[in-house]
Amino acid sequence: MTKSTLNRREILERMAVVTGGAVSLTILSACDGGVKAPKNTENLNLKALNKEQLDLIADIADMIIPDTETLGAKSVNVHFLVDELAANWMTSDERKGFLNDLTVLDERIKTERGKSFSSLDNQGRGTVLDQLGQEMLAAGEGTAGLGDITNSDDNTGRKHIYRELRELIIFGYYTSEVGATEELNYDPIPGGYSGCIPLADVGGKAWSI
(Lines give C-alpha, C1' and ligand atoms only; values in the text may rest on other atoms or scores of the structure.)
Protein backbone atom coordinates (compact mmCIF):
# COMPACT_ATOMS: atom_id res chain seq x y z
CA MET A 1 0.00 0.00 0.00
CA THR A 2 1.24 3.49 -0.77
CA LYS A 3 2.76 5.30 2.16
CA SER A 4 0.25 7.80 3.55
CA THR A 5 1.89 9.34 6.58
CA LEU A 6 3.00 12.94 6.73
CA ASN A 7 6.68 13.55 6.31
CA ARG A 8 8.58 14.49 9.45
CA ARG A 9 8.98 18.18 8.69
CA GLU A 10 5.29 18.66 7.92
CA ILE A 11 4.25 16.84 11.10
CA LEU A 12 6.52 18.91 13.32
CA GLU A 13 5.50 22.20 11.73
CA ARG A 14 1.82 21.33 12.04
CA MET A 15 2.23 20.20 15.66
CA ALA A 16 4.10 23.33 16.73
CA VAL A 17 1.51 25.64 15.14
CA VAL A 18 -1.63 23.85 16.31
CA THR A 19 -0.52 23.00 19.85
CA GLY A 20 1.19 26.33 20.41
CA GLY A 21 4.47 25.02 21.74
CA ALA A 22 7.57 22.92 21.30
CA VAL A 23 7.03 19.34 20.16
CA SER A 24 7.99 16.72 22.74
CA LEU A 25 10.77 14.17 22.33
CA THR A 26 8.11 11.46 22.48
CA ILE A 27 6.51 12.86 19.32
CA LEU A 28 9.88 13.35 17.64
CA SER A 29 10.87 9.74 18.30
CA ALA A 30 7.51 8.30 17.29
CA CYS A 31 7.53 10.41 14.14
CA ASP A 32 10.89 9.00 13.12
CA GLY A 33 9.74 5.51 14.09
CA GLY A 34 6.70 5.60 11.82
CA VAL A 35 4.23 4.82 14.62
CA LYS A 36 0.57 5.35 13.75
CA ALA A 37 -2.91 4.55 15.04
CA PRO A 38 -3.96 0.90 14.61
CA LYS A 39 -6.80 0.11 12.21
CA ASN A 40 -8.10 -2.90 14.15
CA THR A 41 -8.31 -2.84 17.95
CA GLU A 42 -10.54 -5.90 18.45
CA ASN A 43 -7.89 -8.03 20.15
CA LEU A 44 -5.57 -5.22 21.22
CA ASN A 45 -4.62 -5.22 24.90
CA LEU A 46 -3.87 -1.97 26.70
CA LYS A 47 -0.19 -1.43 27.44
CA ALA A 48 -0.06 1.62 29.72
CA LEU A 49 -3.53 3.14 30.11
CA ASN A 50 -6.41 1.68 32.07
CA LYS A 51 -9.92 1.51 30.56
CA GLU A 52 -11.06 4.76 32.23
CA GLN A 53 -8.02 6.65 30.93
CA LEU A 54 -8.50 5.21 27.43
CA ASP A 55 -12.15 6.31 27.39
CA LEU A 56 -11.23 9.78 28.65
CA ILE A 57 -8.66 10.26 25.89
CA ALA A 58 -11.00 8.80 23.26
CA ASP A 59 -13.80 11.21 24.10
CA ILE A 60 -11.51 14.23 24.37
CA ALA A 61 -10.15 13.25 20.93
CA ASP A 62 -13.72 13.02 19.65
CA MET A 63 -14.36 16.60 20.77
CA ILE A 64 -11.10 17.97 19.35
CA ILE A 65 -11.41 16.25 15.94
CA PRO A 66 -14.97 14.91 15.56
CA ASP A 67 -16.41 12.90 12.69
CA THR A 68 -17.43 15.14 9.79
CA GLU A 69 -17.29 14.22 6.10
CA THR A 70 -14.26 12.20 7.19
CA LEU A 71 -13.70 10.05 10.25
CA GLY A 72 -12.51 11.87 13.35
CA ALA A 73 -9.76 11.11 15.85
CA LYS A 74 -11.70 8.64 17.99
CA SER A 75 -12.95 6.77 14.94
CA VAL A 76 -9.40 6.22 13.67
CA ASN A 77 -8.30 4.89 17.10
CA VAL A 78 -6.02 7.73 18.13
CA HIS A 79 -6.59 6.80 21.80
CA PHE A 80 -4.95 3.42 21.20
CA LEU A 81 -1.98 5.18 19.63
CA VAL A 82 -1.65 7.29 22.80
CA ASP A 83 -1.54 4.04 24.78
CA GLU A 84 1.28 2.81 22.53
CA LEU A 85 3.19 6.09 22.88
CA ALA A 86 2.83 6.05 26.66
CA ALA A 87 4.00 2.45 26.90
CA ASN A 88 6.89 2.40 24.46
CA TRP A 89 7.90 5.94 23.52
CA MET A 90 7.74 7.89 26.78
CA THR A 91 10.48 7.58 29.38
CA SER A 92 9.46 5.96 32.66
CA ASP A 93 9.28 9.38 34.35
CA GLU A 94 7.24 10.86 31.49
CA ARG A 95 4.87 7.90 31.55
CA LYS A 96 4.44 8.10 35.33
CA GLY A 97 3.72 11.83 35.15
CA PHE A 98 1.35 11.48 32.21
CA LEU A 99 -0.69 8.69 33.81
CA ASN A 100 -0.84 10.57 37.10
CA ASP A 101 -2.01 13.71 35.31
CA LEU A 102 -4.76 11.73 33.58
CA THR A 103 -5.92 10.29 36.90
CA VAL A 104 -5.98 13.74 38.52
CA LEU A 105 -7.87 15.17 35.55
CA ASP A 106 -10.43 12.36 35.63
CA GLU A 107 -11.00 12.77 39.38
CA ARG A 108 -11.30 16.53 39.05
CA ILE A 109 -13.95 16.28 36.33
CA LYS A 110 -15.95 13.80 38.40
CA THR A 111 -15.75 16.07 41.44
CA GLU A 112 -16.70 19.26 39.60
CA ARG A 113 -19.26 17.80 37.18
CA GLY A 114 -20.62 14.89 39.20
CA LYS A 115 -19.78 12.34 36.49
CA SER A 116 -16.96 11.25 34.23
CA PHE A 117 -16.09 13.15 31.06
CA SER A 118 -17.42 10.27 28.97
CA SER A 119 -20.79 10.48 30.75
CA LEU A 120 -21.25 14.17 29.97
CA ASP A 121 -23.21 15.36 26.95
CA ASN A 122 -21.45 17.35 24.23
CA GLN A 123 -22.29 20.66 25.86
CA GLY A 124 -20.84 19.51 29.18
CA ARG A 125 -17.74 18.16 27.48
CA GLY A 126 -17.29 21.41 25.62
CA THR A 127 -17.52 23.38 28.86
CA VAL A 128 -14.81 21.23 30.43
CA LEU A 129 -12.48 21.62 27.44
CA ASP A 130 -13.08 25.36 27.28
CA GLN A 131 -12.05 25.61 30.93
CA LEU A 132 -8.99 23.43 30.38
CA GLY A 133 -8.04 25.48 27.34
CA GLN A 134 -8.16 28.71 29.32
CA GLU A 135 -6.05 27.18 32.08
CA MET A 136 -3.58 25.81 29.53
CA LEU A 137 -3.10 29.26 28.03
CA ALA A 138 -2.76 30.85 31.46
CA ALA A 139 -0.23 28.22 32.55
CA GLY A 140 1.96 28.64 29.48
CA GLU A 141 4.82 26.36 28.55
CA GLY A 142 6.91 26.95 31.65
CA THR A 143 4.43 26.05 34.38
CA ALA A 144 5.25 22.85 36.22
CA GLY A 145 2.76 20.09 36.89
CA LEU A 146 -0.82 20.77 35.86
CA GLY A 147 -0.88 24.51 36.41
CA ASP A 148 -4.34 25.58 37.56
CA ILE A 149 -5.68 22.04 37.47
CA THR A 150 -3.98 21.00 40.70
CA ASN A 151 -2.02 24.09 41.74
CA SER A 152 0.94 21.75 41.63
CA ASP A 153 4.22 23.09 42.95
CA ASP A 154 6.41 20.30 41.59
CA ASN A 155 9.41 21.26 39.50
CA THR A 156 9.29 18.63 36.76
CA GLY A 157 8.40 21.20 34.11
CA ARG A 158 5.68 18.97 32.67
CA LYS A 159 3.28 20.41 30.13
CA HIS A 160 -0.29 21.14 31.09
CA ILE A 161 -2.15 17.86 30.57
CA TYR A 162 -4.55 19.38 28.04
CA ARG A 163 -1.67 20.70 25.95
CA GLU A 164 -0.04 17.28 26.00
CA LEU A 165 -3.27 15.51 25.07
CA ARG A 166 -3.90 17.92 22.18
CA GLU A 167 -0.38 17.30 20.93
CA LEU A 168 -0.71 13.51 21.05
CA ILE A 169 -4.19 13.50 19.52
CA ILE A 170 -3.29 15.82 16.64
CA PHE A 171 -0.11 13.86 15.94
CA GLY A 172 -2.06 10.59 15.97
CA TYR A 173 -4.76 11.87 13.67
CA TYR A 174 -2.59 13.42 10.99
CA THR A 175 -0.34 10.37 10.82
CA SER A 176 -3.34 8.07 10.37
CA GLU A 177 -4.36 7.02 6.89
CA VAL A 178 -7.57 9.03 7.07
CA GLY A 179 -5.88 12.14 8.42
CA ALA A 180 -3.13 12.07 5.82
CA THR A 181 -5.09 11.02 2.73
CA GLU A 182 -8.60 12.39 3.29
CA GLU A 183 -8.36 15.33 5.69
CA LEU A 184 -5.30 16.63 3.85
CA ASN A 185 -4.60 16.65 0.12
CA TYR A 186 -2.69 13.54 -0.90
CA ASP A 187 -1.03 12.66 -4.18
CA PRO A 188 1.09 9.47 -4.21
CA ILE A 189 2.73 10.57 -7.50
CA PRO A 190 3.09 14.36 -7.29
CA GLY A 191 3.72 16.42 -10.39
CA GLY A 192 5.51 19.74 -10.78
CA TYR A 193 6.41 21.87 -7.79
CA SER A 194 4.74 25.24 -7.24
CA GLY A 195 6.38 27.12 -4.40
CA CYS A 196 3.59 29.60 -3.69
CA ILE A 197 -0.04 29.18 -4.77
CA PRO A 198 -3.41 30.16 -3.21
CA LEU A 199 -4.75 27.47 -0.85
CA ALA A 200 -8.07 27.70 -2.68
CA ASP A 201 -6.37 26.32 -5.81
CA VAL A 202 -5.85 22.99 -4.05
CA GLY A 203 -9.29 22.68 -2.50
CA GLY A 204 -8.52 24.58 0.69
CA LYS A 205 -6.38 21.77 2.10
CA ALA A 206 -2.68 21.55 2.84
CA TRP A 207 -0.70 18.67 1.32
CA SER A 208 0.08 15.60 3.44
CA ILE A 209 3.39 14.84 1.72
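Structure report, in brief. (Residues numbered from 1 in each chain as written. Predicted model: local features only at pLDDT ≥ 70, side-chain atom pairs only at ≥ 80, totals over all residues. Heavy atoms only, no water.)

Side note on the packing of aromatic side chains
Stage number 1. Scanning the model with the defined rule gives one aromatic pair in all.
Stage number 2. With centroids separated by 5.1 Å and ring planes inclined at 80 degrees, the aromatic side chains of Tyr173 and Tyr174 adopt a geometry described as edge-to-face. Residues Tyr173 and Tyr174 agree in their burial class; the two are buried.
Stage number 3. Here Arg166 stacks its cationic end above the ring of Tyr162, 5.7 Å away from the centre of that ring. (Phe/Tyr/Trp six-rings, centres within 6.5 Å; stacked < 30°, edge-to-face > 60°. Buried < 20%, exposed > 50% of the residue type's maximum accessible area, 1.4 Å probe, protein only. Lys NZ or Arg CZ within 6 Å of the ring centre and 35° of its normal.)

Considerations on the nonpolar core
Stage number 1. Ile60, Phe98, Leu102 and Leu165 are the most contacted members of the largest nonpolar core, which has 44 residues in total.
Stage number 2. Those elements giving two or more residues to this core turn out to be α2 (25-33), α3 (51-64), α4 (78-88), α5 (92-113), α6 (122-139) and α7 (161-174).
Stage number 3. Take this core: its biggest share by element is nine residues, from α7.
Stage number 4. With sequence-adjacent residues up to four places away left out, Phe98 is seen in contact with Leu49, Ile57, Val82, Ala86, Met90, Arg158, Ile161, Glu164, Leu165 and Leu168. (Core = buried A, V, L, I, M, F, W, Y, C linked by side-chain atoms within 4.5 Å. Helix = DSSP H or I, 4+ residues; strand = E, 2+ residues; numbered from the N terminus. Contact = heavy atoms within 4.5 Å.)

Notes on the packing of α2 against α7
Stage number 1. The N-to-C vectors of α2 and α7 enclose an angle of 10 degrees; their axes lie 11 Å apart at closest approach. One finds that α2 runs roughly parallel with respect to α7. Two secondary-structure elements touch here, α2 through Ile27, Ala30 and Cys31 and α7 through Glu167, Leu168 and Phe171.
Stage number 2. Split into classes, the residues belonging to the contact of α2 with α7 amount to five nonpolar, no polar and one charged. (Axes fitted to C-alpha atoms, helices over the stretch in contact; angles between N-to-C directions. Parallel < 35°, antiparallel > 145°, perpendicular 65-115°, else oblique. Nonpolar A, V, L, I, M, F, W, Y, C, P; charged D, E, K, R; others polar.)

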